[in-house]
Structure formats: C-alpha cells, structure tokens
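# An overview of the molecular structure
One-letter residues, chain by chain:
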Amino acid sequence: TPNVAPDIILKAAYDGHAGDKLFHVEAGGLVSNFKVEEGAGTAKSPFVSNSTTGYAGEFNSNLELFKNFHLVENLFWGEGNGRYIFGLAPDFIVNANGSISPLHSGSTVDGFEVNLGKNTLLSLLYGGVYIGRDVTVVPSVGTTGKVTLTKYGYGYVGSNQNRAIQEGTADIVQTLWSNPSYGKLSLIIQYSYLNRNPWYYSASAGAPNGGHVNMGYVDLRYTLP
C-alpha cells in the first residue's frame, strides 16, 4: 500500500495490589495513516493522492474482586481500526470524490473468570463488535445520457454487511496433568452462542433480519513449559 507511515501504537499498563487482591489496568492509543493513489500516471490521467489519519483507543482491566474471582474488561473504539478487530470491519471507504473516510468500529470482551480449585477454571464472557455505517453516492452516465446514482461504501441499502456481532461464551478449563519442567495437559470445553445483525435486509425477499448459531468446542491441549 502507499501509506506514508506504519501504524503507531502507544500503551501504558499498571499492575498492583489492593490489599491481598491483584489488579491490572492498561490504556492504549492507535494512529493509522491511509493513502490511496488514483490515475494511470499519464498526462491525461495523472496520479492523484488522497490521504487521511485514523485514531482509536483502548482501555482494559483485570480486577480480582474476590479471592480467585476476576472481572475482565476490554474496550476498543475508534475510526480506521477495523483490521485490529480480527479483520471483521474495513478500515475505511473511498468516497465518490476520491477522499478517504475512516470507518468507525469498536469491540468489547467482558466477563469473569473463577478458579474452582487448583486445576479448574470457569469463565463466562460476552464479546461484541459494532461497525458504523458510511455510504457514498457515485454518479454514472449511460449511453443515453441518463445519470444513475449508485450507493457504495459500508451499510448501504441492498448490502448485507454487518452492523453488530455478539457472542456469549461459557467454558471450563480442566488441568489434567502439570509439571513445571515438562508443561501441562488441559481439557477445554466451550459453548458459544453467536448472533449477527446486518445493516440492511430485504423483508420482501424473505431475508432474515439477523442470524444466530450455537457452537461447541472441545480441545485437548498440551502446553509447553
């Protein structure tokens, strides 16, 4: 890509104690530079550059409210940051005039983890992603001279692009064997419920206004020391 600079990420973290309880908090910022080139590089079609900057921030924490009971929180929000949400959102759209419009998006993972004894971990978590709407109108002239306006971008009428994705997860991690020198063997059992809502759906075409799925996951994992 012709981006003039790589992404810049700044983060500060703090670990401390509140009595006999542990806590971790961190905050971070993201700056992204975007640039696109148009044209063929000829006299009739010279290169035209458009650039912009996107910004995002995060705040995360892990708080031990009670002994072996942790509250977990992760929040990430900004513009031009979609690829950092596992690529679930685009970073930007290109407007009809060639300018770049960063897309707003955000995500969160929240819940708690409980140690049920030395070898058993139980967690209940909620994860959510929201992707903002950004639409541009592109005119085109047909052979008869008729001007047609076509919508492009993200979340335009007729698209099935995601507005929100939400997932609830419950899992249990059972350590079957552990040795400081050789690693450990764990059994992970997880259940998730996933819900998806698009920006647009066609009721006349019989399309649903969302979708959902139940998922199960079993993993026998060996972790190196």
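A few points on the structure. (Residues numbered from 1 in each chain as written. Predicted model: local features only at pLDDT ≥ 70, side-chain atom pairs only at ≥ 80, totals over all residues. Heavy atoms only, no water.)

Helix and strand counts for the protein stand at zero helices and 13 strands. Each helix (α) and strand (β) of the protein, taken in turn from the N terminus, gives the series β-β-β-β-β-β-β-β-β-β-β-β-β. Its C-alpha radius of gyration of 23 Å places the protein more than 25% over the 17 Å reference for a compact globule of 225 residues. Principal axes of the C-alpha set define a box for the protein whose edges measure 75 × 45 × 35 Å. The buried share of the protein, taken over its 225 residues, is 28%. Considering only residue pairs separated by 6 or more positions, the protein has 52% of its internal contacts joining residues 24 or more positions apart. (Helix = DSSP H or I, 4+ residues; strand = E, 2+ residues; numbered from the N terminus. Rg over C-alpha atoms; globule rule 2.2 N^0.38 Å. Buried < 20%, exposed > 50% of the residue type's maximum accessible area, 1.4 Å probe, protein only. Contact = heavy atoms within 4.5 Å.)

Another point: the packing of aromatic side chains. Within this structure, the stated rule accounts for six aromatic pairs. With 6.3 Å between their ring centres and 65° between their planes, Tyr130 and Trp199 make a pair best called edge-to-face. Of this pair, Tyr130 sits in strand S8 (residues 120-131) while Trp199 sits in the loop between strand S12 (183-198) and strand S13 (211-223); the two residues are 69 residues apart in sequence, bridging distant segments of the chain. On the accessibility criterion, Tyr130 (34% relative accessible area) is partly exposed. Taken together, the aromatic side chains of Phe66, Phe69 and Phe112 make up a single cluster linked through ring pairs. Above the plane of the ring of Trp199 lies Arg163, whose end atom (NZ or CZ) is 5.9 Å from the centre. (Phe/Tyr/Trp six-rings, centres within 6.5 Å; stacked < 30°, edge-to-face > 60°. Lys NZ or Arg CZ within 6 Å of the ring centre and 35° of its normal.)

Pairing is antiparallel across the open sheet formed by nine strands, whose spatial order is S1-S2-S3-S4-S7-S8-S11-S12-S13. Each edge of the open sheet carries a strand with a single partner, namely strand S1 (8-18) and S13. In this sheet, neighbouring strand axes are inclined to one another by 10° on average, regardless of whether the strands run parallel or antiparallel. In the sheet, strand S2 (residues 21-38) pairs with strand S3 (residues 48-66) via 16 bridges, with the strands oriented antiparallel. Bridge assignment links Phe23 to a residue of S3, and that residue is Leu63. (Pairing = 2+ DSSP bridges. Axes fitted to C-alpha atoms, helices over the stretch in contact; angles between N-to-C directions.)

With respect to the element layout, Val129 can be found in strand S8. Given a relative accessible area of 12%, Val129 falls into the buried group. Taking the C-alpha atoms as reference points, Val129 and Gly142, 13 residues apart in sequence, are found 40 Å from one another. Contact partners of Val129, with chain neighbours within four places excluded, come to Ile85, Leu88, Gly106, Ser107, Arg163, Ala164 and Ile165.

The next thing to look at is the pairing of S12. Both strand S11 (residues 162-179) and S12 contribute to a ladder of 16 bridges, which runs antiparallel. Directly across from Ile165, in S12, lies its bridge partner Arg196. Between the antiparallel neighbours S11 and S12 lie three residues. One ladder, built from 13 bridges, connects S12 with S13; its direction is antiparallel. Paired with Ile189 across the strands is Val218, a residue of S13.

On any regular strand, side chains alternate: one points to one face of the sheet, the next to the other face. Here strand S7 (residues 104-115) pairs with S8 via 11 bridges, running antiparallel. For Val109, the partnering residue across the bridge sits in S8 and is Gly127. Hairpin connection between S7 and S8: a loop of four residues separates the two successive antiparallel strands, and Gly117 in this loop has a positive phi of roughly 95°. Where S8 and S11 come together, 11 bridges link them in antiparallel fashion. What sits directly across from Val129, in S11, is Ile165.

Along the polypeptide, Thr150 turns up in strand S10 (residues 147-154). The spacing of Thr150 and Thr136 is 14 residues in sequence and 8.4 Å in space, taken between C-alpha atoms. Among all residues touching Thr150, those that are not within four sequence positions of it are Thr136, Val137 and Val138.

That is the geometry; function is a separate question.
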